[in-house]
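Secondary and tertiary structure notes
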Amino acid sequence: MKIESKFQKKKPVLSFEIFPPKRDKAIQNIDETLAILSELNPDFISVTFGAGGSHTNNQTVELAKRIKHQYGIDPLVHLTCLNHSKFEICELLEELRAADIDSILALRGDANPAVEAKKDFRYASDLVKFIRQYGDFSISGACYPECHTESKNKVEDIAHLKEKVDSGVQHLISQLFFDNNAFYSFQEHIQIAGMHVPVEAGIMPVINKSQIERMVTLCGASLPEKFSRVMHKYEDNKEALFDAGMAYAINQIVDLLAHDVDGIHIYTMNNPIVAKRICDGIKNLI
Ligand code: FAD
């Protein structure tokens, strides 16, 4: 079932993101995680993709096949384009078609210094147009409630997002954020800009201290005072920080659901305990 049709139901969509195992680890290593995630009945599971020429790319498609054919859950395959040629993208699309996988999260990705840049695609919207012409895939895209770090300002960011949606994106998944107000304001701006596709809120449960610092540096998410206070209080107590991180994520989701969000996308970091704990906390809400 194509991802966009999941939003036609009268309830919010729930999805998880996982990443493929590293090169030296077999794909089967992720079965324990998938077994628990599948019991939580997500609408789909998305699988990340290496930014360029990476060995994990094959694992992405392999893992997506496993999710679909072994666990009966629809996969959403991430596909980055900056470091891929049109030919390589065609090969991947054919592989997906052969595996009966029809939903793609079309991404630009980031430059990979270890890989010579290819010139076929510059932005995610180029990939969206290419896939749209290639065949009947359902196409999702990434969005940034607090602006992509490379954008000069929110106006420019929204204008480029509109180009991407107009190229054929049918559903958006947001970058992680800790301040729901930033998400609500973003929702308003995309409505004003005339984008009427469902937007899933990306939630990253924080469970350790280094994760907070890394995420904030990489994606520029702002930290509300309440979040910083709680994390600072428990940062040196592993178990307490885990509890606090879970409570914060659950509170964020409860508030998003009360605001009738289209869907919740949980960045599980391949930790099924995290996903289970969150789902237990919202089981009567979704
Ligand atoms: P784009 O939509 O192309 O935007 C990138 C920047 O270019 C933005 O600043 C945008 O405003 C600007 N821009 C767009 N069009 C134009 C234009 N015509 N002219 C000038 N500027 C323009 N990375 C991975 O490597 N693998 C993954 O699996 C992965 N999964 C992700 C999942 C989600 C939900 C999110 C939010 C991000 C993910 N990323 C992943 C990270 C992503 O690849 C990076 O954030 C990347 O920097 C931007 O990708 P994009 O598809 O949003 O790019």
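Residues numbered from 1 in each chain as written. Predicted model: local features only at pLDDT ≥ 70, side-chain atom pairs only at ≥ 80, totals over all residues.

**Structural notes on the overall build of the protein**
Under the convention used in this document: Elements are defined by DSSP. Helices are runs of H or I of four residues or more, strands are runs of E of two residues or more, and each kind is numbered from the N terminus. Both definitions apply: the radius of gyration is a C-alpha atom measure, and the globule rule equals 2.2 Å times residues to the power 0.38. Whether a residue is buried, exposed or partly exposed is read from the other C-beta atoms within 10 Å of its own C-beta, which are placed from the backbone; 20 or more gives buried, 12 or fewer gives exposed, and intermediate counts give partly exposed.
When helices and strands are counted, the protein shows 10 helices and 8 strands. Relative to its length of 286 residues, the protein is compact, with a C-alpha radius of gyration of 18 Å against a globular reference of 19 Å. For the protein, the spread of C-alpha atoms along the three principal axes comes to 50 × 45 × 40 Å. Among the 286 residues that make up the protein, the fraction classed as buried is 41%.

**Considering the packing of helix 4 (residues 124-134) against helix 5 (residues 154-168)**
How we decide: Comment: axis = line fitted to C-alpha atoms, over the contacting stretch for helices; angle = value between 0 and 180 degrees taken between N-to-C directions. Roughly parallel here means an angle under 35 degrees, roughly antiparallel means over 145, roughly perpendicular means 65 to 115, and every remaining angle is called oblique. Any two residues are considered in contact once their C-beta atoms, placed from the backbone, lie within 7 Å. Each residue gets one of three labels, nonpolar for Ala, Val, Leu, Ile, Met, Phe, Trp, Tyr, Cys and Pro, charged for Asp, Glu, Lys and Arg, and polar for the others, Gly among them.
Put simply, helix 4 and helix 5 touch, their axes get as near as 8 Å, and they point 5 degrees apart. On the basis of the axis angle, helix 4 is roughly parallel to helix 5. Residue-level inspection shows Ala124, Ser125, Val128, Lys129 and Arg132 of helix 4 in contact with helix 5, the latter providing Glu163, Lys164, Ser167 and Gly168. Of the residues in the contact of helix 4 with helix 5, the class split is 2 nonpolar, 3 polar and 4 charged.

**Comments concerning the pairing of strand 7 (residues 199-203)**
Note the threshold: Pairing between strands is defined by DSSP: at least two bridges between the two strands are required. The handedness of a crossover follows from its direction of travel: if, with the strands pointing away from the viewer, the path from the first strand over the helix to the second runs clockwise, the crossover is right-handed.
Of all 5 residues in strand 7, 5 are buried, a share of seventy percent or more. The two faces of strand 7 match: Val199, Ala201 and Ile203 on one face and Glu200 and Gly202 on the other face are all buried. For strand 6 (residues 171-176) and strand 7, the ladder comprises 3 bridges, and the chain directions are parallel. By the bridge assignment for strand 7, Leu176 is matched with Gly202. Handedness of the crossover joining strand 6 and strand 7 through helix 6 (residues 180-192): right-handed. Pairing between strand 7 and strand 8 (residues 263-267): 4 bridges, direction parallel.

**So, the packing of helix 8 (residues 225-234) against helix 9 (residues 238-258)**
Here is the rule: Helix crossings are classified by the rotation of the near helix relative to the far one: an anticlockwise turn of less than a right angle makes the crossing left-handed, while a clockwise turn makes it right-handed.
Relative to each other, helix 8 and helix 9 sit at 165 degrees, their axes nearing to 8 Å. Taken together, the axis directions place helix 8 and helix 9 in an arrangement best described as roughly antiparallel. Classified by chirality, the crossing of helix 9 by helix 8 is right-handed. Residues Phe227, Val230, Met231 and Tyr234 of helix 8 form the contact with helix 9, whose own contacting residues are Ala240, Leu241, Ala244 and Tyr248. Split by residue class, the contact of helix 8 with helix 9 holds 8 nonpolar, no polar and no charged.

**Here's the deal with the pairing of strand 5 (residues 138-143)**
Put simply, side chains in a regular strand alternate between the two faces of the sheet. For strand 5, the tally of buried residues reaches 5 of 6 residues, placing the bulk of the element in the interior. Alignment of strand 4 (residues 103-107) against strand 5, held across 4 bridges, turns out to be parallel. Looking across to strand 5, one finds that Leu105 is bridged to Ser140. With respect to chirality, the unit in which strand 5 leads through helix 5 into the neighbouring parallel strand 6 is right-handed.

**Some words on the nonpolar core**
To keep it simple, the criterion reads: In this usage, the nonpolar core is the set of buried Ala, Val, Leu, Ile, Met, Phe, Trp, Tyr and Cys residues whose C-beta atoms join them within 7 Å.
Residues Val77, Leu79, Ala106 and Ile203 are the most contacted members of the largest nonpolar core, which totals 70 residues. Not counting the four nearest positions on each side in its chain, Ile203 is found in contact with Leu176, Ala249, Gln252, Ile253, Ile264, His265, Ile266 and Tyr267.

**Some remarks on the sheet that holds strand 1 (residues 13-18)**
Judged by pairing direction, the barrel is parallel, and its 8 strands sit side by side in the order 1-2-3-4-5-6-7-8 before closing back on the first. Ignoring strand direction, the axes of neighbouring strands in this sheet form an average angle of 25 degrees. Two strands pair when backbone bridges link them, and strand 5 and strand 6 are joined in this way by 4 bridges, in the parallel orientation. Its bridge partner lying in strand 6, Gly141 is registered against Leu172.

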